[in-house]
Amino acid sequence: MNILKFIETFTDDSLMKSTGSRRDSFAQFGNIGKNLALASIPFGLSAIANKALAKDITATPATPIGALQFALTLEYLENEFYAMALDSGVIPASENGGRDLKVFQQISAHESDHVSFLIAGLGGTMSANFVPKPTFDFTVGGAFDPFNDYPTFLALAQAFEDTGVRAYKGQAANLISTPDLLTAALQIHSVEARHASEVRRLRGLKGWISNAERGAGMPAATQAVYDGEGVTMQAGFNTATAFGAAAGSEAYDEPLTTQQVVDIANIFIV
Amino acid sequence: MKNEVKVQGINASLDSRRSFLKLSGLTLVTAGLVLAGCSDNDNDDNMEDNTLPGVKNGVFDLGSGDFGVLTYAYALEQLEADFYTKVVNASNFNTVFNDIERQVLTDLYHHEVIHRDFFKAALTGALPDPGSQLLPSLAFSYGSLNFNSRTEVLATAKALEDTGVAAYNGAGRLIKTADYLLLAGKIVSVEARHASAIRSLINPNSKDFAGDDIVNTSTGLDTAKDPSKILPVAAGFITTKFTAKYLP
C-alpha cells in the first residue's frame with residue numbers, strides 16, 4: 001500500500017472539507033492516526049521503540065509519520081522540561097510581578113497539549129507508529145543546573161523553543177503530501193515561535209534571532225541551535241540590502257535538518 | 001477595535017471561492033466588504049489549480065496554485081509594511097512609545113518591508129510574465145486610526161500579526177513546491193514572534209503572548225485560516241480593488 005496515497009485519500013475524503021471546531025479537528029486528527037495504525041505500515045521507527053531505555057535517538061525517516069514521531073520526541077523533551085521546572089519551584093513566583101510563572105505555566109500547558117495531540121495523531125500509545133518518551137537528563141551529567149538555577153532554566157528554555165521553531169520548519173517538506181498534517185504542524189510551529197519570542201524577551205533579548213547570535217548569557221553549548229540563522233540571501237534576494245544584515249537575518253527563521261535536531265536533543269537524552 | 005469590516009453576503013448560497021471581493025475605499029469605521037457572485041463561473045468542479053495572477057474582467061485576481069498563494073502573501077506583506085512605515089513615521093512616534101516599544105516597532109517595520117520587497121522580487125523573477133501578472137502596489141486607508149495613539153497602534157499591530165500567522169498557517173497546504181513552502185515557513189515563525197511581542201507589550205504580566213484567545217486550549221494549536229476568511233479582514237485597510245476567486 002502506498003502510504004502517501006492512503007493518507008491523501010483519507011484526508012481528501014474526510015478532512016479537507018472539515019469546517020468544524022478545532023476540538024473536532026483534534027478528534028479527526030486522532031482518527032488519521034488510528035487509520036494509519038490499522039494499515040499497519042512499517043515506518044522503520046521500531047528501532048526507536050525497541051530501545052526505549054537505550055541512549056540516543058536516531059533520525060526519523062523523511063515521511064509524514066516520521067515527521068510526527070520526530071515532533072513527538074521534541075515535545076516530550078519540552079513538556080518534561082517545563083513540568084520538572086514547575087515542580088521544582090525554580091521559577092520564582094515573584095519574578096517580574098508573577099509574569100514569568102504565568103508565562104511558563106502557559107508554555108507548559110501548550111507542550112503537554114502538543115504531546116497528547118501528536119500521540120493521538122500517531123494512533124495512540126498502542127499504535128505501531130507510537131514512539132515512547134526517551135529518558136532525559138536536563139543537567140547533562142551535571143553540567144547544567146536548570147531546576148535550581150533560574151538563569152540556567154531560562155537559557156535552556158530559550159534554546160529549546162528556538163530549536164523547536166527550526167525543527168518543525170525542517171519537517172515541512174516531509175509533510176507537503178499530507179495537507180492536514182502539514183497544517184497541524186504549522187499550527188504547532190507558530191506556537192513554538194510565540195513561546196520563543198516571549199522567553200527571549202524575558203531574558204532581555206529581542207524576540208527574533210539576529211544573525212547567528214545565541215544572545216547574551218547563553219551557554220556556548222547552545223550555539224548549535226543558532227548556527228546557520230544568519231542567512232541573508234533568500235531565493236536570490238539579498239535581505240541585508242535595505243536595513244543591514246541583522247534585520248535581514250531576523251526577518252527569516254532558518255530550518256534545522258532532522259539530524260541537526262537529533263544531535264541537539266541527544267545532548268539531553270540518556 | 002475599529003479594524004473590523006462588515007461582510008455582507010449578497011448571495012447566501014455563494015461559494016466563497018467564487019466570491020468577488022470588492023474592496024471599498026470607505027473609511028475604516030464604515031468600511032464594507034461586498035461579496036457578489038460571478039454568475040459566469042459556477043462550476044466548482046472545473047476549478048483550475050494553475051490560474052495565474054493577473055487582470056480578469058478588468059480587476060486583478062490573485063490567481064491560484066503557488067503563484068496565487070505567493071501573490072496573496074505579497075498582498076498581506078504590502079499591508080503590514082505600509083502600516084509599520086506609517087507607525088514609525090508618525091509625528092509623535094518618539095514620545096508616544098517607550099524605548100522597548102520603539103525598538104520592537106522599528107524592527108517590525110524593517111522585517112515587513114523586507115518581506116514585501118522579497119515577495120515582489122521573487123514573484124517578478126518567477127512569474128512567466130511579471131509585467132501583467134505581478135500584483136501592483138496596493139493603496140491603503142486606515143480610516144480614523146490615530147497613529148499617535150499607543151493603544152490603537154498596538155491593537156492594530158496585534159490584529160495584523162495574528163492575522164498574518166493565521167494566513168500563513170492556512171495557506172501552507174495550498175503550496176505545492178517544497179522550496180516555496182519552506183520560504184513561507186521561514187516567514188510565518190517571524191510573524192508569530194512579532195505577534196507574541198506585540199501582545200506582550202500590550203499586556204506584559206500575562207499569558208497573552210500565546211493567549212487562550214489564539215491558541216486552542218485543548219490541542220495547543222495556533223489559528224489557521226483560509227484566504228477567504230483572511231481577506232475580508234485585510235480588506236478593511238486595502239482600498240485597491242482585487243479579487244481572489246481561485247483561492248479557497
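Because the structure is a prediction, the values reported are computed rather than measured.

### Comments concerning the overall build of chain A
1) Next: Broken down by element type, chain A carries nine helices and two strands.
2) Next: From first element to last, N terminus to C terminus, chain A shows the α and β order α-α-α-α-α-α-α-β-β-α-α.
3) Next: Here chain A, with 270 residues, has 49% of them falling under the buried criterion.

### Let's talk about the interface of chain B and chain A
1) Next: Chain B puts 45 residues into the contact, and the matching count from chain A is 54 residues.
2) Next: Elements supplying a minimum of two residues to the side of chain B that touches chain A: α3 (99-126), α5 (150-171) and α6 (178-202) of chain B.
3) Next: Considering every element that reaches the side of chain B that touches chain A, the biggest residue donor is α6(B), with 16 residues.
4) Next: Broken down by class, the residue content of the side of chain B that touches chain A amounts to 22 nonpolar, 16 polar and seven charged.

### A word on the confidence of the model for chain A
1) Next: Summing up the model confidence of chain A, the mean pLDDT is 85 and the portion of residues at 70 or higher is 80%.
2) Next: Considering only residues more than four positions removed or in separate chains, one finds that residues 1-54 of chain A, a stretch of pLDDT under 50, has 73 contacts.

### Some thoughts on unusual backbone geometry
1) Next: Here the phi dihedral of Val140(A) falls at roughly 50°; this positive angle occurs in a residue that is not glycine.
2) Next: Position of Val140(A) among the secondary structure elements: in the loop between α5 (99-121) and α6 (150-171).
3) Next: Residue Val140(A) is classed as partly exposed on the basis of its 15 C-beta neighbours within 10 Å.
4) Next: For Asn57(B), which is not a glycine, the phi torsion comes out positive at approximately 55°.

### As for the sheet that holds strand β5 (residues 59-61) of chain B
Residues and elements named next belong to chain B.
1) Next: Read across the sheet, three strands follow the order β4-β5-β6 without closing on themselves; strand pairing throughout is mixed. The open sheet is flanked by β4 (54-56) and β6 (242-243), the only strands paired with a single partner.
2) Next: In the sheet, β4 pairs with β5 via three bridges, with the strands oriented antiparallel. Pairing of Val 55 across the sheet is with Phe 60, part of β5.

### Observations concerning the packing of helix α4 (residues 64-88) of chain A against α5(A)
The relative placement of two packed helices comes down to the angle between their axes together with the axis-to-axis distance.
Residue and element names in this part refer to chain A.
1) Next: Their axes nearest at 8 Å, the elements α4 and α5 cross at an angle of 145°. Our pair here, α4 against α5, has a crossing hand that is left-handed. Every residue of α5 that contacts α4 at Leu 68, Ala 71, Leu 72, Glu 75, Tyr 76, Glu 78, Asn 79, Tyr 82, Ala 83, Ala 85 and Leu 86 is listed here: Phe 104, Gln 105, Ile 107, Ser 108, Glu 111, Ser 112, His 114, Val 115, Leu 118, Ile 119 and Gly 121.
2) Next: Split into classes, the residues belonging to the contact of α4 with α5 amount to 13 nonpolar, six polar and three charged.

### Notes on helix α7 (residues 179-202) of chain A
1) Next: With 24 residues, α7(A) extends 35 Å between its outermost C-alpha atoms, agreeing within 8% with the 34 Å of an ideal straight helix rising 1.5 Å per residue.
2) Next: The positive-phi residue at the C-terminal boundary of α7(A) is Gly204(A), with phi of around 85°.

### Regarding the confidence of the model for chain B
1) Next: Counting all residues, the mean pLDDT for chain B is 85, and 80% of those residues have values of 70 or more.
2) Next: Scored below 50 in pLDDT, residues 1-47 of chain B shows 94 contacts in the model against residues more than four places distant or in partner chains.

What counts and how
Residues numbered from 1 in each chain as written. Chains lettered and ligands numbered in written order. Predicted model: local features only at pLDDT ≥ 70, side-chain atom pairs only at ≥ 80, totals over all residues. Helix = DSSP H or I, 4+ residues; strand = E, 2+ residues; numbered from the N terminus. Buried ≥ 20, exposed ≤ 12 C-beta atoms within 10 Å, placed from the backbone. Contact = placed C-beta atoms within 7 Å. Nonpolar A, V, L, I, M, F, W, Y, C, P; charged D, E, K, R; others polar. pLDDT = per-residue confidence, 0-100. Pairing = 2+ DSSP bridges. Axes fitted to C-alpha atoms, helices over the stretch in contact; angles between N-to-C directions. Left-handed = near helix turned anticlockwise from the far one by under 90°. Expected span 1.5 Å × (residues − 1).

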